[in-house]
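Descriptive structure summary
So you can see what is in the structure, the chains are spelled out below.
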Amino acid sequence: MRDYCIRTATPEDLDGARAVMLDTVYRDFGTGYVPRWHGDIIDPAAAYLEPARHILLVAVDPVEGAVVATAALDSRGPAHPPNPRHIAERFPSGETAQLRRVYVRPEHRRRGLARRMVGELMAFAEADGGYRAVYLHTDPSVPGAEGFWRSLGKVVHDGREEPGGGQGIVHFEIPMAK
């Protein structure tokens, strides 16, 4: 088993992190890059490295020396629209740590990387002292995503249960340690 190095991203890691993120939105989501959804991917330094309450983690393969996974957290709650109003009201910006870009290259999946990275993001959110909730949403059509998040948190809204299936997005809250 490889001993991946999980660390806070540095400016030198950003090209590798961006590649993991872009590959994921093209391959797993099938949407490709959409500016209104993925602006943080193009400028991860401004989104995650510069704001004090934000963080971007990377996992580096010790054999390849390449970034193979990402995980980020920011203080922006989910916006309405496109998210349901009650979700935006429940998870306001500034009080909500939103998990984003938890992506692992397919050949490095099922090795505990995402779980370890989420654990580090949770510790970051709890140490901040200003977050009262941890939120994320996922596309359940991505293989393994829904089951992974269900193992860590609770569903607070399943868009598939809306009339017509809504956007099909599943919204989660991950409990913080008290």
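Note that residues are indexed from 1 along each chain, following the sequence as it is written. At least 70 in pLDDT is required for a residue's local features to be given in this predicted model, at least 80 for side-chain atom pairs to be given and counted, and no such filter applies to totals for whole chains, interfaces and linings, which use all residues. Side-chain metrics in this entry use all non-hydrogen atoms of the structure; hydrogen atoms and water are not considered.

1. Topic: the overall build of the chain
The line we're drawing: To qualify as a helix, a DSSP run of H or I must reach at least 4 residues; to qualify as a strand, a run of E must reach at least 2; elements of each kind are numbered from the N terminus. Taken over C-alpha atoms, the radius of gyration is set against a globule rule of 2.2 Å times the number of residues to the power 0.38. Throughout, exposure labels follow a simple rule: accessible area from a 1.4 Å probe, protein chains only, divided by the maximum for the residue type, with under 20% read as buried, over 50% as exposed, and the rest as partly exposed. Residue contacts are counted whenever heavy atoms from the two residues lie within 4.5 Å of one another. All accessible-area figures derive from a Shrake-Rupley calculation using a 1.4 Å probe, and residue coverage is judged against the displayed protein chains alone.
For the chain, the helix and strand inventory stands at six helices and seven strands. Going from the N terminus to the C terminus, the chain shows its helices and strands as β-α-α-α-β-β-α-β-α-β-α-β-β. In summary, the chain has a C-alpha radius of gyration of 16 Å against a globular reference of 16 Å for 178 residues, a match within 12%. Reported as C-alpha extents along the three principal axes, the dimensions of the chain are approximately 50 × 35 × 30 Å. Within the chain, the proportion of its 178 residues that are buried is 49%. Partitioning the intrachain contacts of the chain with sequence separation of at least 6 by distance along the chain shows that 66% fall at a separation of at least 24. Entry remark: accessible area of the chain is about 8,800 Å², with carbon and sulfur atoms responsible for 52%.

2. Details of the layout of surface pockets
As a reminder of what qualifies: Whether a set of points on the 1 Å grid over the protein atoms alone is a cavity depends on a 1.4 Å probe fitting there but being unable to get out, while an open set qualifies as a pocket with protein on both sides within 12 Å along at least five of seven lines; lining residues are those with an atom within 4 Å of a point. Grid points are joined across faces, edges and corners, and a volume is the space filled by probe spheres set on the points. Throughout this entry, Asp, Glu, Lys and Arg are counted as charged residues, while Ala, Val, Leu, Ile, Met, Phe, Trp, Tyr, Cys and Pro are counted as nonpolar. The remaining residues, Gly among them, count as polar.
The volume enclosed by the largest pocket comes to roughly 1,400 Å³. In terms of lining residues, the largest pocket is bounded by 42 residues, among which Phe29, Tyr103, His137, Thr138 and Asp139 are the most central. Mapped onto the lining of the largest pocket, the elements with two or more residues apiece are α2 (35-42), β4 (96-104), α5 (113-128), β5 (133-138) and α6 (145-150). With seven residues, the single largest contributor to the lining of the largest pocket is β4. In terms of residue class, the lining of the largest pocket is made up of 18 nonpolar, 13 polar and eleven charged.

3. Focus on the environment of Glu64
Its place among the elements puts Glu64 in the loop between β2 (55-60) and β3 (67-74). Accessibility expressed as a relative area gives 47% for Glu64, which makes it partly exposed. Spatially, the C-alpha atom of Glu64 lies 25 Å from that of Gly144, the residues being 80 residues apart in sequence. With sequence-adjacent residues up to four places away left out, Glu64 is seen in contact with Arg2 and His108.

4. What about the nonpolar core?
In plain terms, the rule: Residue types Ala, Val, Leu, Ile, Met, Phe, Trp, Tyr and Cys, when buried and joined through side-chain atoms within 4.5 Å, form a set referred to as a nonpolar core.
Counting 29 residues, the largest nonpolar core has Leu73, Leu99, Leu113, Val118, Val134, Trp149 and Ile174 as the members making the most contacts within it. Elements with a minimum of two residues in this core: β2, β3, β4, α5, β5, α6 and β7 (170-174). For this core, the leading source of residues is α5, giving seven residues. If near-sequence neighbours (up to four positions away) are discounted, Leu99 is found in contact with Ala72, Leu73, Val118, Leu121, Val134, Tyr135, Leu136, Trp149 and Ile174.

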